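Here are the chains, one letter per residue:
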Amino acid sequence: AMGGNYTQPKFILLGITDTPWAQTPLFVLFLLIYIVTLVGNIGLMVLVWVAPSLHTPMYFFLTHFSLADVCYSTIISPKMLTDLLFGDKTISWAGCVTQFHLFALFVTAECHLLAAMAYDRHVAICHPLSYVLVVSPRACWQLVAWCYLVASLSALLYTGCTFGGSFCGPHHVDHFFCDASPVLRLACSDTRGCEAAIFALAAANGLGTSVVILLSYGRILHAVLGTSSAPSRARAFRTCASHLASVAVFYGSLFFMYLQPASRHGSRDKVASVFYTVVSPMLNPFIYSLRNREVKAVLGRGRRRV
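Residues numbered from 1 in each chain as written. Predicted model: local features only at pLDDT ≥ 70, side-chain atom pairs only at ≥ 80, totals over all residues. Heavy atoms only, no water.

**Q** Break down the overall build of the protein chain for me, citing the residues and quoting the values.
**A** Across its full length, the protein chain carries 10 helices and 3 strands. For the protein chain, the sequential pattern of α-helices and β-strands runs β-α-α-β-α-α-α-β-α-α-α-α-α. Relative to the globule expectation of 19 Å for 306 residues, the C-alpha radius of gyration of the protein chain, 21 Å, shows essentially globular dimensions. Taken along the three principal axes of its C-alpha coordinates, the protein chain extends 65 × 45 × 30 Å. (Helix = DSSP H or I, 4+ residues; strand = E, 2+ residues; numbered from the N terminus. Rg over C-alpha atoms; globule rule 2.2 N^0.38 Å.)

**Q** Got a sec to walk through the nonpolar core? Specific residues and values, please.
**A** Of all hydrophobic cores here, the largest spans 90 residues; its most connected members are Phe-11, Phe-30, Phe-103 and Phe-250. It is helix α3 (residues 93-126) that contributes the most residues to this core, 18 residues altogether. For Phe-103, the residues in contact, after removing those within four places along its chain, are Tyr-72, Ile-75, Ile-76, Phe-177, Asp-179, Tyr-258, Tyr-276 and Thr-277. (Core = buried A, V, L, I, M, F, W, Y, C linked by side-chain atoms within 4.5 Å. Buried < 20%, exposed > 50% of the residue type's maximum accessible area, 1.4 Å probe, protein only. Contact = heavy atoms within 4.5 Å.)

**Q** Give a detailed account of the pattern of salt bridges, specifying residues and quantitative values.
**A** The tally for this structure, following the rule as stated, stands at 4 salt bridges. Of the charged contacts, one joins Arg-192 and Asp-190 as a salt bridge, the two residues approaching to 3.2 Å between their closest N and O atoms. With respect to burial, Arg-192 and Asp-190 carry one shared label: exposed. (Salt bridge = Lys/Arg side-chain N within 4 Å of Asp/Glu carboxyl O.)

**Q** Give a detailed account of the UniProt feature "transmembrane region" (unreviewed entry) in the protein chain, specifying residues and quantitative values.
**A** Using the residue numbers shown here, the UniProt feature "transmembrane region" (unreviewed entry) corresponds to residues 26-51, 58-77, 97-119, 139-158, 196-215, 236-259 and 271-290. Segment residues 58-77 splits into 100% helix and 0% strand. End C-alpha atoms: 28 Å apart. Secondary structure content for residues 139-158 is 100% helix and 0% strand, while the C-alpha to C-alpha distance between its ends is 28 Å. (UniProt positions renumbered as here; feature names shortened; annotations may be inferred.)

**Q** Any chance you could break down the environment of Ser-189 for me, citing the residues and the numbers?
**A** Along the chain, Ser-189 turns up in the loop between α6 (180-184) and α7 (192-227). Separated by 24 residues in the primary sequence, Ser-189 and Gly-165 have C-alpha atoms spaced 5.9 Å apart. Residues in contact with Ser-189, not counting those within four places in the same chain, are Gly-165 and Ser-166. Of note is the side chain of Ser-189, whose polar atom sits 3.2 Å from the backbone nitrogen of Ser-166. (Polar contact = N/O pair within 3.5 Å; in protein donor to acceptor, adjacent residues only side chain to side chain.)

**Q** I'd love a proper account of the packing of helix α2 (residues 57-86) against helix α9 (residues 268-288), names of residues and values included.
**A** One way to put it is that α2 packs onto α9 with a least axis distance of 9 Å and a crossing angle of 150°. As far as their axial angle goes, α9 and α2 are roughly antiparallel. Crossing hand, α2 versus α9: left-handed. In contact with Leu-62, Phe-65, Asp-69, Tyr-72, Ser-73, Ile-76 and Met-80 of α2, α9 contributes Tyr-276, Thr-277, Val-278, Pro-281, Asn-284 and Tyr-288. When grouped by side-chain class, the residues that make up the contact of α2 with α9 number 9 nonpolar, 3 polar and 1 charged. (Axes fitted to C-alpha atoms, helices over the stretch in contact; angles between N-to-C directions. Parallel < 35°, antiparallel > 145°, perpendicular 65-115°, else oblique. Left-handed = near helix turned anticlockwise from the far one by under 90°. Nonpolar A, V, L, I, M, F, W, Y, C, P; charged D, E, K, R; others polar.)

The structure is reproduced here in C-alpha cells:
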C-alpha cells in the first residue's frame, strides 16, 4: 500500500541476537543497566532539586541532560527487555514511528545540551567575572528551550524521511529498536533522497555541536594551563578528561551509526547502538556529577543527617 499508513504494517524487531542461550544473560545485564540508569539520573535530578547549593547553571543543564537520558533509555530499554524475555518482537506501525521519533528528539536534544554544558564551563573558567551576566537564569532557559526546539524540528524531519516512503514487506527490522537505517532498508520506494537528508541533518547536528564542545574544552585547557597551580591544573584535567571521554563514547558511536553510507551498515551497528542507547545514559550521572565536590558535599551532609 502507498505510504504504508493505509495498511499499517506491523514490524518485527529482530533484536540484539537470535541466539537462544544469550537471551537470559542479556536480559539480566540490560535490566541491571536500566535500573542503574534510572536510579543514577533520577537521583541526580532529585538531589539538584532539594539542595540549594546545587541551584547553579551547571546543574540546571545537568538535570535536563539526566531527563533526556531517562527519557530515551525508557523509549528503548523496556521494549528491548520484554522482547528478550518473552520473544514477542512485533511492534505496531504507530509504535515504531513513535519510538523512533521520541528517540531522535531526545538524542538530538542531548547533543545540544552537551554543547550548552561545554559552553557554560568555558564561560565559568575563561570569563569568571562576566559569568553571572552571560549565563543568567534567563539565558539558561533560553539555551535549554533552543536545545528542545532544534531537537523537535530535527526529529520531525528524521521521522518524515524514515517513514515517508512505502513498505511492501517483509517487515523484519534487523535491530533492537526502530532506527532510521534498518527501517529504510525495508522501504520499496527509492530512499536515496531520504538517506541524504538524514545524513545531512545528522552531520549538521552532530558536527555542529561537537565543534562547540571541542572548542570550549580547548579554550578551558588553554586557560587552565596558563594560569593555575599544579593541583588545580590536575583537577581541571581530570574533569575535562572524564567529560570528553563521555562525549567521545556518545559521539563516536553516533557518528559510526549515522555518518556512514547506507551500504556499510551491518551487524556492528547493534554494538555501536548499545553504547549510546544503553551504556552512555548509565555512565553520565557518574561522569558528570558524582565526581564533583559539590555533589559529594551534599551527599555527605545528607548521610550525616540520616
